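Coordinate analysis (summary)
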Amino acid sequence: LNSCDVEQDTGIVHIRDVVEEENCGNDVQDLCGTLRELAASAAVTNNQELAQKLKMILNFVCEKEMDLDRTIYYCSYLAVIALDRLDSQRKLLKQNPLHEIVSGTTPEEVCRSTGRLIETTSRMLAVDKQNRIRRLADICRRIIERDYSKKIGLMEIAAQMGVSSNYLSTIFRRETQYSINEYLNAVRLNHAKKLLRDTNLKVYEIAEKTGFSDAYYFSSVFKRNIGVTPSEYRNSL
């Protein structure tokens, strides 16, 4: 009855599972439960933590010195969990990433193949994550450069991008070394300087056109960053 947990709903119980149950104790049941829990939680587990758990379980399987069939069964399970996270990146792997695992002729060979696959998927996930962070930072910059004249800030930009404001703030600073508010003000000030140079608009009109809430705040930010007031900047040209 305990061995039914290995095969779950297939209705098949191998005699070796029953015989080996005495030697395995509850290890097989615990391993099956751990794998099911990991598969269920994989979608909400970060890539680094998932890779660590996969390696930990793989080490457990290898240390138990199971027979070939059992090793292939559990290693295939681990490989599928790892591959499921790759999505579009899966095409960069072999056409059939599981082939090397299921074709192994010894438990040791199967474990080595599984280890290599987990390492490969971990590296690809790390690269994919970094690329995704860079794309988000680029999108954020484009939104700021497009909408700088509007009443926007971190919350509005994050809402447009469909991410949390805390996450966007963290990745933007990591990629640019600036906070979103600092970058937004820099873009606004660059446009303000151009208007001060090329037009006769009043200071309050330039403040409105560049997205500042009022002329006083505009002048304060301008002097703090440029070193002079907008009027002084214009007069110095």
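Please refer to the structure higher up on the page.
Calculation criteria
- Residues numbered from 1 in each chain as written.
- Predicted model: local features only at pLDDT ≥ 70, side-chain atom pairs only at ≥ 80, totals over all residues.
- Heavy atoms only, no water.
- Helix = DSSP H or I, 4+ residues; strand = E, 2+ residues; numbered from the N terminus.
- Buried < 20%, exposed > 50% of the residue type's maximum accessible area, 1.4 Å probe, protein only.
- Polar contact = N/O pair within 3.5 Å; in protein donor to acceptor, adjacent residues only side chain to side chain.
- Phe/Tyr/Trp six-rings, centres within 6.5 Å; stacked < 30°, edge-to-face > 60°.
- Lys NZ or Arg CZ within 6 Å of the ring centre and 35° of its normal.
- Core = buried A, V, L, I, M, F, W, Y, C linked by side-chain atoms within 4.5 Å.
- Contact = heavy atoms within 4.5 Å.
- Disulfide = S-S within 2.5 Å.
- Salt bridge = Lys/Arg side-chain N within 4 Å of Asp/Glu carboxyl O.

1. Looking at the side chain of threonine 176
By the secondary structure assignment, threonine 176 is in helix 9 (residues 165-176). Residue classification places threonine 176 among the buried residues on the basis of a relative accessible area of 12%. For threonine 176, the side chain forms a polar contact with the main-chain nitrogen of tyrosine 178, separated by 3.1 Å.

2. Thoughts on the packing of aromatic side chains
The final tally for this structure, using the stated rule, is six aromatic pairs. Ring centres of phenylalanine 222 and tyrosine 233 lie 5.6 Å apart, and the angle between their planes is 70 degrees; on these two criteria the pair is classed as edge-to-face. Of this pair, phenylalanine 222 sits in helix 12 (residues 215-226) while tyrosine 233 is found in helix 13 (residues 230-235), placing the two residues eleven residues apart along the sequence. Here the basic side chain of arginine 188 rests over the ring of phenylalanine 212, its NZ or CZ set 5.7 Å away from the ring centre.

3. Observations concerning the environment of asparagine 200
Position of asparagine 200 relative to the elements: it lies in the loop between helix 10 (180-198) and helix 11 (203-209). Residues asparagine 200 and arginine 234, spaced 34 residues apart in sequence, show a C-alpha to C-alpha distance of 9.7 Å.

4. Here we look at the nonpolar core
One finds Leu31, Leu54, Ile57, Val61, Tyr74 and Cys75 to be the most contacted residues of the largest nonpolar core, which totals 27 residues. Broken down by secondary-structure element, the contributors of at least two residues to this core are helix 3 (27-41), helix 4 (47-63), helix 5 (68-84) and helix 7 (107-147). Ignoring sequence-local partners within four residues, the contact set of leucine 54 consists of Leu38, Leu78, Ile81, Ala82 and Ile118. By size, the runner-up hydrophobic cluster in this structure holds 18 residues, among which are Ile152, Ile157, Leu168 and Ile180.

5. Topic: the state of the cysteines
Counting across every chain of the model gives one disulfide. The side chain of cysteine 62 participates in a disulfide bridge whose partner is cysteine 111; the two sulfur atoms lie 2.5 Å from each other. With the S-S bond torsion at -130 degrees, the cross-link from cysteine 62 to cysteine 111 turns out left-handed. A residue pair is termed long-range when its members are at least 10 positions apart, and cysteine 62 in helix 4 and cysteine 111 in helix 7 qualify at 49 residues. Classification of cysteine 62 as partly exposed rests on a relative accessible area of 30%. The closest cysteine sulfur to the non-disulfide-bonded cysteine 75 is located on cysteine 111, 4.3 Å from its own sulfur. Using a relative accessible area of 0% as the deciding quantity, one classes cysteine 75 as buried.

6. Considering the pattern of salt bridges
Enumeration over the complete set of coordinates arrives at eight salt bridges. A salt bridge links glutamate 119 to lysine 55; its shortest N-O distance comes to 3.1 Å. Of the two residues, glutamate 119 sits in helix 7 while lysine 55 sits in helix 4, which places them 64 residues apart along the sequence. A salt bridge links glutamate 100 to arginine 116, with the shortest nitrogen-to-oxygen separation between them at 2.5 Å.

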